[in-house]
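Spelled out, the chains give:
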Amino acid sequence: MIEMKDVNKTYPNGVTALQGIDLSIAQGEFVYIVGPSGAGKSTLVGMMFREEKHTSGSITINGIDLNKLKERKVPQLRRNIGVVYQDFKLLPRLTVYENIAFALEVLEESPKNIKKRVMEVLDLVKLKNKARHIPDQLSGGEQQRVSIARAIVNHPKMMIADEPTGNLDPDTSWDIMQIFEEINAKGTTVIMATHSKEIVNTIRKRVIAVESGRIVRDESRGEYGYEI
Amino acid sequence: MKVAVLSVMKAGVNTVMKFRTLGRHAREGGKNIYRNGWMTVASVGAVTTTLILVGVFIALMLNLNQIATNVEKDVEIKVLVELTAEEGQIEDLESKLKDIPEVESVNFSSKEDELNRLIESMGEEGQAWELFEQDNPLNDAFVVKTTDPNDTFDVAENIKNFDYVNEVNYGQQVVEKLLSFTKYARYIGAALIIGLVFTAIFLISNTIKLTIMARSKEIGIMKLVGATNSFIRWPFFIEGMLLGVLGSLIPIGATVGGYYYLYNNLRDKIQFTFVELLPFNPFAWQLALILLSIGAFIGVWGSVMSVRKFLKV
Ligand SMILES: Nc1ncnc2c1ncn2[C@@H]1O[C@H](COP(=O)(O)OP(=O)(O)OP(=O)(O)O)[C@@H](O)[C@H]1O
Ligand SMILES: [Mg+2]
């Protein structure tokens, strides 16, 4: 459950990235966030797991009021949200396996469970043969798949993906979309910021369009709506 | 493709760390030692240098302390009785000496005893003095010890005014100098050790800070993936401790070995003087333990200090 009321975000340098955002996303929904570059998509999703703190308004995530969230409780918020970052954010000195395992280690899972689960998701993103590589030895698309694996490895209540197919070839993109639909079918909320007209128009879901920091469109089975 | 669901998988923040997590942190900390390469060498070098100095200082200090305590214990006042004093007067003097509150013991030493001691202490040459056995020129004496060696001076000055006292000896200058020397030696030694330890803490915290600075982006990522501050802190904590312990190995070897050598070589040479070294066993092992603890303390403290700032990511 995501609830945003009159949310504004101004960065310390004075750039107002978002204003007057009202938004409600139910548990289990699949939502595309679309809009031109610099519109505020990353900022919008970033506020949901406290990568960025909103400037004013109220945000409630999975029952947690972010205005009241104490600093030391932030990890708890983040553990329930799997995030695929536009720039991957992999730990450069850890192997693929270790990067994915890290999300389970913070939960203090047993090594046995960690191993089992990491191998499962590695299989899912087709990276089993690259388990021992470090991120620098991978292509952009492979790194993206590692970050997807890390995002879903702990069965989060919701998943946020910021351009998860930006670096992927069409075939792999469809594979990834299939993974997203599957975890969505199991009840995980999926929020995906994307520039892919093809995906949005093919796999029809709710579409929220952002322009210059405002929500300009919110349709339940929407279209991409922009020329690329 | 299929997403399997694990039976037990909770997403809460545990307040109590599980034991196996400690194992994970230990492994991570150990790996960091290896990953940091030259940084590790620099930190360990800083600790090594410091601890060698600290080790030598502690060995010196404690031995000095031991010597000082021995000498203090041996500080005695010798009260020479006037040659003309009669037996009853000597007894009066003895009870007056015993009545001084600061005095611990009073022992009578007749002039014959004194002469024997003198002859003995001179060895071969002393035999010349045996001539005097018939006509002993020495005084009867009382050997007075104070409970607190620091009272020696006052008590001795006081005794000078007693009747039938010919002379009071207590090696005034020597005693005073020694007492003040040992006092200052202790203070200066302690100050030096504390200073050295803090320098090492500073060095190690700086080194770890550099490695953390290089890793501040990584720490940010870890936090985004849901790591708590303590989860991030622990490996650094263990890394610091390992750095400190590694840094203490060479100093331990050097001081224990060095002390073994010195002790065995010096003991025979100085055994007739008042100087007595602390025995190799257990002293060397205690010193090793102290160095190990200081090393670990320096490492832990250094890492704690440097990590603190970087957790506000
Ligand atoms: N850390 C930051 N500090 C200052 N300004 C920022 C920061 N991050 C983003 N902005 C600004 O906020 C606005 C929205 O940025 P945001 O990254 O949310 O856009 P976006 O919709 O994700 O774009 P893209 O499609 O290119 O990823 C932009 O004007 C950007 O310059
Ligand atoms: Mg973006």
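Residues numbered from 1 in each chain as written. Chains lettered and ligands numbered in written order. Predicted model: local features only at pLDDT ≥ 70, side-chain atom pairs only at ≥ 80, totals over all residues. Heavy atoms only, no water.

To continue, consider the side chain of Thr21(B). Take Thr21(B): it is sitting in helix α1 (residues 19-35). Engagement of the side chain of Thr21(B) in a polar contact is seen with the side chain of Glu108(A), the distance being 2.5 Å. Setting aside chain neighbours within four positions, we find Thr21(B) in contact with Glu108(A) and Phe231(B). (Helix = DSSP H or I, 4+ residues; strand = E, 2+ residues; numbered from the N terminus. Polar contact = N/O pair within 3.5 Å; in protein donor to acceptor, adjacent residues only side chain to side chain. Contact = heavy atoms within 4.5 Å.)

Quick look at the coordination of the magnesium ion (ligand 2) now. Residues and elements named next belong to chain A. Protein coordination at the magnesium ion (ligand 2): the donors are Ser42 (OG) and Gln86 (OE1), at 1.8 to 2.4 Å from the metal. Here Gln86 lies in the loop between β6 (81-84) and α3 (96-105) and Ser42 lies in helix α1 (residues 41-46), a separation of 44 residues in the sequence. The class for Gln86 is partly exposed, based on a relative accessible area of 39%. (Donors = N, O, S within 2.8 Å, 3.2 Å for Na, K, Ca; no water. Buried < 20%, exposed > 50% of the residue type's maximum accessible area, 1.4 Å probe, protein only.)

All names here are of chain B. This structure, assessed with the given rule, holds nine aromatic pairs over all chains. Ring geometry for Tyr259 and Tyr263: centres 6.0 Å apart, planes at 20°, overall stacked. Pair noted here: Tyr259 and Tyr263 are both in helix α7 (residues 229-269), with a separation of four residues, about one helical turn. Exposure class is identical for Tyr259 and Tyr263. Each is buried. (Phe/Tyr/Trp six-rings, centres within 6.5 Å; stacked < 30°, edge-to-face > 60°.)

Core analysis: the largest hydrophobic core is formed by 89 residues, its most contacted members being Tyr32(A), Ile100(A), Phe180(A), Val54(B) and Ile298(B). When residues of this core are assigned to their parent elements, the largest contribution, 11 residues, is made by helix α6 (residues 172-224) of chain B. Membership of the second largest hydrophobic core comes to 31 residues, among which are Ile21(A), Met48(A), Ile59(A) and Leu66(A). (Core = buried A, V, L, I, M, F, W, Y, C linked by side-chain atoms within 4.5 Å.)

Okay, the sheet that holds strand β2 (residues 103-109) of chain B next. All names here are of chain B. Reading across the sheet, the four strands line up as β2-β3-β1-β4 and stay open at both edges, with antiparallel pairing between neighbours. Edge strands, defined here as strands with exactly one partner in the open sheet, are β2 and β4 (165-169). Averaged over all pairs of adjacent strands, the angle between strand axes in this sheet comes to 20°, irrespective of strand direction. Across the face of the sheet, helix α5 (residues 152-159) comes into contact with β1 (77-81), β2, β3 (141-146) and β4 while running at roughly 10° to β1. (Pairing = 2+ DSSP bridges. Axes fitted to C-alpha atoms, helices over the stretch in contact; angles between N-to-C directions.)

Residues and elements named next belong to chain B. On the surface, a cluster of nonpolar side chains totalling about 350 Å² of accessible area is made up of Ile52, Val56, Leu60 and Ile250. Among the elements that take part in the nonpolar patch, helix α2 (residues 38-74) stands out by supplying three residues, more than any other. By the secondary structure assignment, Ile250 is in helix α7. With a relative accessible area of 54%, Ile250 lands in the exposed category. (Patch = residues over 30% accessible without salt bridge, like charges linked within 9 Å, V, L, I, M, F, W, Y side chains within 5 Å. Areas by Shrake-Rupley, 256 points an atom, 1.4 Å probe, with all protein chains shown as cover. Salt bridge = Lys/Arg side-chain N within 4 Å of Asp/Glu carboxyl O.)

With 35 residues of chain B at the contact, the number on the chain A side is 40 residues. In total, chain B and chain A occlude about 3500 Å² of area from one another, counting both sides; carbon and sulfur atoms represent 59% of this. For the pair chain B and chain A, the interface holds three salt bridges. A salt bridge links Glu98(A) to Lys31(B), with the shortest nitrogen-to-oxygen separation between them at 3.2 Å. Here chain B is connected to chain A by six residue pairs in polar contact (both at pLDDT 80 or more). Of all the secondary-structure elements, those providing two or more residues to the side of chain B that touches chain A are α1 and α6 of chain B. The greatest single-element share of the side of chain B that touches chain A, amounting to seven residues, is contributed by α1(B). (Buried area = accessible area lost by both parts, 1.4 Å probe.)

Residues and elements named next belong to chain A. Inspection of the secondary structure puts Val200 in helix α7 (residues 197-202). Accessibility expressed as a relative area gives 0% for Val200, which makes it buried. Setting aside anything within four residues of it in sequence, one finds Val200 in contact with Tyr32, Val34, Thr194, Val207, Gly222, Glu223 and Tyr224.

Moving on, we come to the site of ligand 1. Residues and elements named next belong to chain A. In the region of ligand 1, 14 residues are neighbours, and Ser37, Lys41, Ser42, Thr43 and His195 sit closest. Here an oxygen atom of ligand 1 sits 2.5 Å away from a polar atom, N or O, in the side chain of Thr43. Calculation on ligand 1 without its partners gives an accessible area of 630 Å², and the protein chains cover 66% of this total. Considering each element in turn, the shell around ligand 1 owes the most residues, three residues, to α1. Tallied by class, residues from the shell around ligand 1 come to five nonpolar, eight polar and one charged. (Near = heavy atom within 4 Å. Nonpolar A, V, L, I, M, F, W, Y, C, P; charged D, E, K, R; others polar.)

Turning our attention to the domain arrangement of chain B. How large an interface is tends to be reported as the accessible area lost when its parts come together. The domain boundaries assigned to chain B delineate domain 1 (17-71 + 179-311) and domain 2 (76-169). For domain 1 of chain B versus domain 2 of chain B, the distance between C-alpha centres works out to 51 Å. (Domains from an automatic or database assignment.)

A separate point is the sheet that holds strand β9 (residues 206-211) of chain A. Residues and elements named next belong to chain A. Spatially, six strands are ordered β6-β7-β8-β3-β9-β10 in an open sheet, and the strand pairing comes out mixed. Looking along the sheet, the strands with just one partner apiece sit at the ends: β6 and β10 (214-219). Between one strand and the next, the sheet's axes are offset by a mean angle of 15°, whatever the strand orientation. With four bridges joining them, β6 and strand β7 (residues 158-162) adopt parallel strand pairing. Looking at the pairing, Val84 lines up with Ala161 of β7. Each of β3 (30-34), β7 and β8 (189-193) touches helix α6 (residues 170-185); the most contacted strand, β8, lies at about 150° to it.

Locating Asn32(B) in the fold gives a position in helix α1. With residues near it in sequence (within four places) discarded, Asn32(B) still touches Arg93(A), Thr40(B), Arg215(B), Pro235(B) and Glu239(B).

With that settled, the discussion passes to unusual backbone geometry. In this structure, Asp6(A) takes a positive phi of about 50° despite not being glycine. Checked against the element boundaries, Asp6(A) lands in strand β1 (residues 2-10). A positive phi angle, near 65°, is found at Tyr164(B), a position not held by glycine. Considering the arrangement of structural elements, one finds Tyr164(B) in the loop between α5 and β4. Assessed through its relative accessible area of 30%, Tyr164(B) is described here as partly exposed.

Okay, the pattern of salt bridges next. All names here are of chain A. Following the criterion strictly, the structure yields 18 salt bridges over all chains and no others. Note that Lys126 is salt-bridged to Asp175, the shortest N-O span being 2.8 Å. Highlighted residues: Lys126 in the loop between α4 (111-124) and α5 (140-152) and Asp175 in helix α6, separated in sequence by 49 residues. A salt bridge links Glu181 to Lys205; the nearest nitrogen and oxygen atoms lie 3.7 Å apart.

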